[in-house]
Amino acid sequence: MLIRLLRKYLRPYWSGLLAVVALQLLGTIASLYLPSLNADIIDKGVAKGDTGYILSTGAWMLGVTVVQIVCSIAAVYFGARAAMRFGRDVRAAIFHTVGGFSAREVAQFGAPSLITRNTNDVQQVQMLVVLSCTMLVAAPIMCVGGIIMALRQDAGLSWLMLVSIPVLIASIGLIVSRMVPQFRAMQARIDDINRVLREQLSGIRVVRAFVREQDEARRFAEANAALTRTALRAGRLMALIFPTVMLILNASSVAVLWFGAGRVENGQMQIGALTAFLTYLTLILMSVMMATFMAIMIPRASVCAERIGEVLRTESTVVPPRRPVRQVHTRAELELRNIEFRYPGATTPVLCDISFQAAAGQTTAIIGSTGAGKTTLVSLVARLFDTTAGTVLIDGVSVRELDPDLLWSRIGLVPQRPYLFSGTVASNLRYGNPQASDEELWEALQVAQARDFVEAMPGRLEAAITQGGTNVSGGQRQRLSIARALVRKPEIYLFDDSFSALDLATDGRLRAALRPQTANATVVIVGQRVSTIADADQIIVLEGGRIVGLGSHEELLESCPTYLEIVQSQAAAEPAA
Amino acid sequence: MSDRSVTKPAPMPTMTERTRPPVRRGFGGGPWGGPGLPAEKPMSFGPSVRRLLGRLRPEGPKLLAVIALGVTSVVLVVIGPKVLGRATDIIFSGVIGKQLPPGTSTAQAVAAARGSGKGNVADMLARMHVVPGQGIDFSALRTVLAWALALYVGSAIFSWMQGYLLNGVVQRTIFRLRAEVEDKLNRLPLQFFDQQPRGELLSRVTNDIDNVSQSLQQTISQLLSSVLTVIGVLVMMVVVSPLLAVIALVTVPLSILVASQVAKRSQKLFVAQWANTGSLNAHIEEAFTGHELVTVFGRRREVEQVFRERNDQLFEASFGAQFVSGIIMPAMMFIGNLNYVAIAVIGGVRVATGAMSLGDVQAFIQYSRQFTQPLTQVASMANLLQSGVASAERVFELLDAPEQDADPVQPVIPVASRGRVEFERVSFRYHPEQPLIEDLSLVAEPGHTVAIVGPTGAGKTTLVNLILRFYEVDAGRITLDGVDITAMRREDLRSQIGMVLQDTWLFGGTIRDNIAYGNPAASEEEILAAARATFVDRFVQSLPDGYDTVIDEEGSNVSAGEKQLLTIARAFLADPSLLILDEATSSVDTRTELLVQRAMAALRSDRTSFVIAHRLSTIRDAELILMMEAGRIVERGTHEELLAARGAYFRLYSAQFRGAVDAADESAAQPAAAAPVGLR
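Residues numbered from 1 in each chain as written. Chains lettered and ligands numbered in written order. Predicted model: local features only at pLDDT ≥ 70, side-chain atom pairs only at ≥ 80, totals over all residues.

1. Brief notes about the sheet that holds strand S1 (residues 421–428) of chain B
Residues and elements named next belong to chain B. The test is simple: One bridge is not enough; two strands pair if DSSP finds at least two bridges between them. To qualify as a helix, a DSSP run of H or I must reach at least 4 residues; to qualify as a strand, a run of E must reach at least 2; elements of each kind are numbered from the N terminus. Throughout, a pair of residues is in contact if the C-beta atoms placed from their backbones lie within 7 Å. Fitted lines through C-alpha atoms serve as axes, helices being fitted only where they are in contact, and the angles separating the N-to-C directions of these axes extend from 0 to 180 degrees.
Overall, antiparallel pairing links the 4 strands, which are arranged S2-S1-S4-S5 in an open sheet. On the outer flanks of this sheet lie strand S2 (437–444) and strand S5 (483–484), each paired with one strand and no other. Sheet analysis places S1 next to strand S4 (residues 475–480), joined by 5 bridges and oriented antiparallel. Bridging across to S4, Val 421 finds its partner in Leu 480. Contacts from helix H15 (residues 460–467) reach S1, S2 and S4 within the one sheet, and its direction differs from that of S1 by about 115 degrees.

2. With respect to the domain arrangement of chain A
Heads up, the rule is: How far each domain reaches was decided by an automatic or database domain assignment.
Domain boundaries assigned for chain A yield domain 1 (2–313) and domain 2 (334–576). Its C-alpha centre places domain 1 of chain A at a distance of 55 Å from the equivalent point of domain 2 of chain A.

3. Some thoughts on the pairing of strand S11 (residues 538–543) of chain A
All names here are of chain A. With 5 bridges joining them, strand S3 (residues 363–368) and S11 adopt parallel strand pairing. Residue Ile 367 lies in a different strand from S11, and its bridge partner there is Val 541. Sheet topology note: the S11/strand S12 (residues 546–551) ladder contains 5 bridges and is antiparallel. Looking at S12, one finds that Val 541 is bridged to Gly 549. Linking S11 to S12, which pair antiparallel, is a turn of 2 residues; within it Gly 544 sits at a positive phi near 55 degrees.

4. Here we look at unusual backbone geometry
Which entries qualify depends on this criterion: Using C-beta atoms placed from the backbone, we call a residue buried if 20 or more other C-beta atoms fall within 10 Å of its own, exposed if 12 or fewer do, and partly exposed for counts in between.
The phi angle at Arg 425 of chain B is positive, at roughly 45 degrees, despite the residue not being glycine. When the 12 C-beta atoms within 10 Å are taken as the criterion, Arg 425 of chain B is described as exposed.

5. Observations regarding the sheet that holds strand S12 (residues 632–637) of chain B
Either a parallel or an antiparallel arrangement is found when strands of a sheet pair, and the pairing is made through backbone hydrogen bonds. All names here are of chain B. Read from one edge of the open sheet, 6 strands run S6-S9-S10-S3-S11-S12, paired in mixed fashion. Here the strands that pair on one side only, and so sit at the sheet edges, are strand S6 (497–500) and S12. Each adjacent strand pair in this sheet contributes to an overall mean axis angle of 15 degrees, direction not counted. Sheet analysis places strand S11 (residues 624–629) next to S12, joined by 5 bridges and oriented antiparallel. The residue bridging Ile 625 from the neighbouring strand is Gly 637, located in S12. Seen against the sheet, H15 touches strand S3 (449–453), strand S9 (578–582), strand S10 (608–612) and S11 and runs at an angle of roughly 150 degrees to S10.

6. Re the domain arrangement of chain B
Residue and element names in this part refer to chain B. Operational definition: Three categories are distinguished: nonpolar for Ala, Val, Leu, Ile, Met, Phe, Trp, Tyr, Cys and Pro, charged for Asp, Glu, Lys and Arg, and polar for the others, with Gly belonging to the last.
Segmentation of chain B into domains returns domain 1 (1–30 + 215–404), domain 2 (41–187), domain 3 (419–496 + 577–588 + 604–668) and domain 4 (504–575). Secondary structure elements with two or more residues in the side of domain 1 that touches domain 2: helix H1 (3–7), helix H8 (198–240), helix H9 (242–289) and helix H14 (382–400). It is H8 that contributes the most residues to the side of domain 1 that touches domain 2, 9 residues altogether. Residue composition of the side of domain 1 that touches domain 2, grouped by class: 12 nonpolar, 8 polar and 6 charged.

7. Notes on the nonpolar core
This is how it is decided: We call a set of buried Ala, Val, Leu, Ile, Met, Phe, Trp, Tyr and Cys residues a nonpolar core when their C-beta atoms link them within 7 Å.
Within the largest apolar cluster, 343 residues are counted, with the highest numbers of intra-cluster contacts made by Ala 483, Leu 494 and Val 524 of chain A together with Ile 328, Ile 452, Ile 515 and Ala 569 of chain B. In terms of residue count, the dominant contributor to this core is helix H9 (residues 213–265) of chain A (21 residues). With residues up to four places along the chain from it excluded, the contact list for Ala 569 of chain B reads Ile 515, Ala 530, Ala 531, Thr 534 and Val 536 of chain B.

8. Describing the packing of H9 of chain B against H14 of chain B
Residues and elements named next belong to chain B. The condition that has to hold: In what follows, roughly perpendicular refers to angles from 65 to 115 degrees, roughly parallel to angles under 35, roughly antiparallel to angles over 145, and oblique to any angle outside these ranges. Crossing chirality is assigned from the near helix's rotation relative to the far helix, an anticlockwise turn below a right angle marking it left-handed and a clockwise turn marking it right-handed.
Contact pair H9 / H14: the axes reach a minimum separation of 9 Å and the direction vectors enclose 50 degrees. If you check the angle between H9 and H14, you find them oblique. Crossing hand, H9 versus H14: right-handed. On the side of H9, the interface is formed by Ala 263, Ser 266, Gln 267, Phe 270, Val 271, Gln 273 and Trp 274, while H14 contributes Ala 382, Gln 386, Ser 387, Ala 390, Ser 391, Glu 393 and Arg 394. Split by residue class, the contact of H9 with H14 holds 6 nonpolar, 6 polar and 2 charged.

9. Some points on the interface of chain A and chain B
Listed per partner, the contact involves 148 residues of chain A and 153 residues of chain B. Looking at the side of chain A that touches chain B element by element, the count peaks at 26 residues for H9 of chain A. For the side of chain A that touches chain B, the residue count by class is 77 nonpolar, 48 polar and 23 charged.

What follows is the structure, given as structure tokens:
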């Protein structure tokens, strides 16, 4: 996976990488040349006290050094640029892929894990590329150079390399392969840390109110200890690599001397060749050491690459149609035909055999007890999920065949949990319609009964909103969320229990103001309060994922016992208690 | 090579990119005189390094062992080639010896060599153990090579032990660092979290700490051996020739100057890299959290646009950081070679004048190579090191954030609280320029229900936040049973209070665990009792895994209403003496709500309760109604009193509940209303 990822995302920058290789080659040649200049200075200059020679050779040496430096700086330039572009592109690819996910895939990975994958995992792989470009490229060049030079000295000892290099590769391979599972566990532990912490941050008020800081600290400590344990295990294996490599290489040079001595004694080899062989072995040693430094990074990077690949390979279950229908209607007739939805592997469907029509200009209300499947129904209309059977039709076209952007542009969703983004009131309101004028925003706020409090906020439309909208109350958040949908001026409104945090009077005023705004739109309201939905054109009573009643308030009072029960319970709950 | 000299921050020159005139960009050399603008952010590389190293202190003995092992390892590494050199000598002697006619003595051979004008060979022979006529002494060679092998095995073992210990040192240090951050988060005031994007904090704990860990792990042992080598070599150089040692040392300040100039620039870029990682993480976190809205509102393009901008910024910073820090190593190599030539020239002159022997100069040149090599090595790790320090800085920044006021040293421990709450002339504002609660006083008698009503933004939630000490009052005081709540420890105070907020927060765990959150000591029976009393039991029974159903991190497998029920059960189980309810029942479906209302009424009976109320029944039952407007209590009293006063409450009541009362009266008039409700 690592290789595939590298190949795919480094390909655009191959010219840069080529430059790195060329520059490193030149730089390596220069650095291989320097030792002989060094020797010359000593042998021909210093030994003879020839200052002139020292100066001229020294100048030449400095000249070579300049070449070497220019090469390595240029190599760092191209290498770092390619590596960082690689990181940037992979991050963008992940973010883009996740953007196309349906709610199901997001839930499957979990947001914290997706976040880690998008930053930390990419960081690991990118780090590998950086170091590869600045160090690793030079290593094989030096290694190959060293081997060639060594072979030229004496082929009779080269069998030693045939032994020591495979042994070296095998032992590094053995250690590294055992590190991989540790690193896989490690990234998962980082996910855990992220998850625990994210939960603590979002629930900080509850944690503090219930005085559970200690327990939360313990929960974090567990995740922390688990991560540390894994890191320790991985680190212990890592600590083995370097000494092992050194030992094998040093043992090789001992062997070279031992066997070389025999050959020298037999006159098969010159002593100069033996020392030269040793020198080149040292060179190979250096390069392998450098490569080992990289090898340490490879296991973690490959695990990270796998995790990234998992995300990139996952296809959204909500697939955009191949030939999307782009017809535009100004009215949106909504029809659900024999809808069924079940989670994968679940025996009982969440929704079953749901059919109804919602005409433009009409309000359809959905009521039912908690867990009856109301929110799922709304999500199916917005195509956040796909149905497992049956069809959702808008103007007679299945939502699966509609251009998703077009579909969503016609929908104004007010979710059950009114989430606001960090920014300002205006930036949140313009979320679905960036072109909206200030007047339009105020209009929407007026309808959503939010004008008063926004006017009282410092900066009014420019008042700051924190992430999630935690700096406004639940009721305010709900109203801003409604205003956000209104600014979009969609043809289909989906209010998922959007009036729950409002007091009855505000609820009433809001719905009254909403009516002219939504006169030509298809409105679906999920509600709990009878008073919220009683004046809807049709009311759908959901129970256990099925429709048990469909009709107007009056009709249902007559025909639907479940509905009657709901009405009576509310009547009892309100003033009669 | 001390950290301090490299890292000492220049206090005055303003190195910030933004404050530097662009024309001067790229000018090398000394500090800019500059117009003394304060740097945006102080360069604190040095202090951060020291602080980071200070973190290793608890590992003192282990660290000493690491250093000792490092020293041993370095010594063995230095000795190794010497021993191998002896092996070469033995082979060489053998080769020479074989060429000499057997029976001659070494002295004769030397004389012969000298006689034939080969002075050098003669000198060499004189120093060697040559037995003329005899080949390589394999038994001696075997002994020497065995020694060498033993040395290498020893060195490998020491270096492995060092790595093993160091790994532990680093990981435990990082463990403590993470734990400390967690601890810190618990001491930070809520305002801090109001201002910080969640993803940014998360990035500090995951990305930054992870980066610190990697940098420490990868650089410490190398740094250690490099420093040790430098010291060792320096000692040897002084022994051989103090003059040349001084010359070699000249390059040290030069190296430091160059390295620090480069490091200064790259350090800023590294700081920017990790800051940008944080802001990118914040954006990703927010986009993924609000994924559904991003999709339906067709904001993917815009969200990706912001992502692209921040991603590009991250690219720019990290590319710049890598590139600039990558200059250090070649620069050091250049200085090293410069040094080499200088020593060669001066050495050559001294040899010519006979002031120094050739052997000494040769040895010296070797040492000077060994001297600059570790320096280059350290320089080559500059990027890792600097990046790690930049991350460490961000973690320290978090650790240094101002904390909430400490709990009193001698806290008053509330005993069997009766639950009398009194606000005495309390003032509070979130923003200094924006008054919210001004000079507010009220008394809640034990066991009473206080209903807080009023328009949104009137300060209702703030009022209860103050009781919980989520925020501290700016003036006045709040007392519980006559004790100033600031005289208690926060946890003692809060353990008296049960809370159900609008935001239903559940953690990723089983339903049982989530209920038990209210009271970890509760028995299974108590949990079940609480679940039954709050009608959680009903829906849990319908779940395939019952109480063991795991609530996923977004809580998407239970509906909002069910979540609300769980939070009520949680508060129920906590069995507090003071209750705070914030429109808690608003998204529970209405049939369940009635039962919850009853359970809540029972729960409230012996307890002082503050209810941010929307339900008429709650309000009517309340002993005290506080009508709030714009941070003030405009009216207070019972339902009847306030209705009779025909003021703000009356208007609110008429607007909000009149209709509901009429509608309800109608349906209540129907005979079926008397039937048991809600249960199926």
